[in-house]
Amino acid sequence: MIGVLLIATGKYDVFVQPLIQSLKRHFLPGYQVKTILWTDKETQADLCLHHKHEPWPAPTLNRYKTILSQRELLEQFDYLFYMDVDMLAVDTIGDEILGDLVAVQHPGFIGKVGTPERRSRSAAYIPRREKSVYYAGGFQGGRSRRYLDMCHTLHNQIESDRQKGITAIWHDESHLNHYLHYNKPGKVLSPSYCYPESWEMPYVKRLVALDKDHAEMRCG
Ligand code: GAL
Ligand code: GAL
Ligand code: MN
């Protein structure tokens, strides 16, 4: 059984139904897939968990804490995948995504170092001298226990930054990149799985990151 983890509070609820419908059609066809949704709205998923809205960036920074609040339940799944809710599956996403720990190369920084955290005060710090790959935060997963263990570490790192009063440059994505730099993911997917809607890249569009007005979506 495969669990898809979705968090949609505030204005993000508009993305939920189109995404879930697209997953029914394209995401791991032939497998038993269940959507688990944390939301403050009345909307449908296989499992809905009530979750209070907080102003951005708290929902994204707290995503690992949110996921871990259901650790026992989530351990029953074979694989877990988190995806941003402002996405849409547009082509088959098959068992090529199954792996122990799965990450996506960020579409903006193929072959480049990207935008990791460079302030040593943050737990997300990666020194400049270390050559790193840059991963996108929008799609990630793996075998259930392996993924939840990563969530646990990331939650602690984010909490440690919060206590120091520092927020990593790209929030949870910076912490994810730190983690994956020191714990290499067994499976690295191409930007097909985090493909910006309006870009033209030499990859098949499978999971699209929708163009949206981030400032407008994040206020309120
Ligand atoms: C942007 C993306 C952000 C973040 C950033 C990292 O393209 O929209 O969410 O990933 O790259 O530099
Ligand atoms: C986005 C990414 C999100 C989150 C955010 C952090 O690019 O898709 O999952 O990591 O950056 O600012
Ligand atoms: Mn997004």
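Throughout what follows, the structure given in this document is the object of discussion. If you're wondering where the values come from, they're calculated on a predicted model, not measured in any experiment.

1. Examining the overall build of the chain
Reasoning step 1: Per the secondary structure count, the chain includes seven helices and 10 strands.
Reasoning step 2: For a compact globule of 220 residues, the expected C-alpha radius of gyration is about 17 Å, and the chain comes in at 16 Å, within 12% of that figure.
Reasoning step 3: Once the C-alpha set of the chain is aligned to its principal axes, its extents read approximately 45 × 40 × 35 Å.
Reasoning step 4: Sorting the 220 residues of the chain into buried and exposed places 49% on the buried side.
Reasoning step 5: Long-range pairs, those at least 24 residues apart, make up 77% of the contacts in the chain with a sequence separation of at least 6.
Reasoning step 6: In the chain, 27 positive and 26 negative side-chain charges are present, and the distance between their average locations comes to 6 Å.

2. Observations concerning the environment of Leu101
Reasoning step 1: By secondary structure assignment, the location of Leu101 is in strand β6 (residues 101-105).
Reasoning step 2: For Leu101, a relative accessible area of 2% gives the class buried.
Reasoning step 3: For the pair formed by Leu101 and Gly141, sequence separation is 40 residues and the distance between their alpha carbons is 6.0 Å.
Reasoning step 4: When residues no more than four places from it in sequence are discounted, the contact partners of Leu101 are Gly141, Gly142, Arg146, Met150, Tyr179, Leu180, Asn183, Pro185, Gly186 and Lys187.

3. A word on the site of ligand 1
Reasoning step 1: Around ligand 1 lies a shell formed by His106, Phe109, Thr115, Tyr134, Trp170 and Glu173.
Reasoning step 2: Between His106 and ligand 1, the recorded distance is 2.8 Å, taken from a side-chain N or O atom to an oxygen atom.
Reasoning step 3: Between ligand 1 and Glu173, the relevant distance is 2.7 Å, taken from an oxygen atom to a side-chain nitrogen or oxygen of the residue.
Reasoning step 4: Calculation on ligand 1 without its partners gives an accessible area of 310 Å², and the protein chains cover 64% of this total.

4. Some words on the pairing of strand β7 (residues 135-143)
The two faces of a sheet get side chains in turn, since along a regular strand they alternate between them.
Reasoning step 1: Burial within β7 is extensive, with eight of its nine residues counted as buried.
Reasoning step 2: Looking at chain direction, strand β4 (residues 79-83) and β7 are connected through five bridges and run antiparallel. Looking across to β7, one finds that Tyr79 is bridged to Arg143.
Reasoning step 3: Both β6 and β7 contribute to a ladder of five bridges, which runs antiparallel. Bridging across to β7, Val104 finds its partner in Ala136.

Definitions and limits used
- Residues numbered from 1 in each chain as written.
- Chains lettered and ligands numbered in written order.
- Predicted model: local features only at pLDDT ≥ 70, side-chain atom pairs only at ≥ 80, totals over all residues.
- Heavy atoms only, no water.
- Helix = DSSP H or I, 4+ residues; strand = E, 2+ residues; numbered from the N terminus.
- Rg over C-alpha atoms; globule rule 2.2 N^0.38 Å.
- Buried < 20%, exposed > 50% of the residue type's maximum accessible area, 1.4 Å probe, protein only.
- Contact = heavy atoms within 4.5 Å.
- Lys, Arg positive; Asp, Glu negative; His and termini not counted.
- Charge placed at Lys NZ, Arg CZ, Asp CG, Glu CD.
- Near = heavy atom within 4 Å.
- Polar contact = N/O pair within 3.5 Å; in protein donor to acceptor, adjacent residues only side chain to side chain.
- Areas by Shrake-Rupley, 256 points an atom, 1.4 Å probe, with all protein chains shown as cover.
- Pairing = 2+ DSSP bridges.

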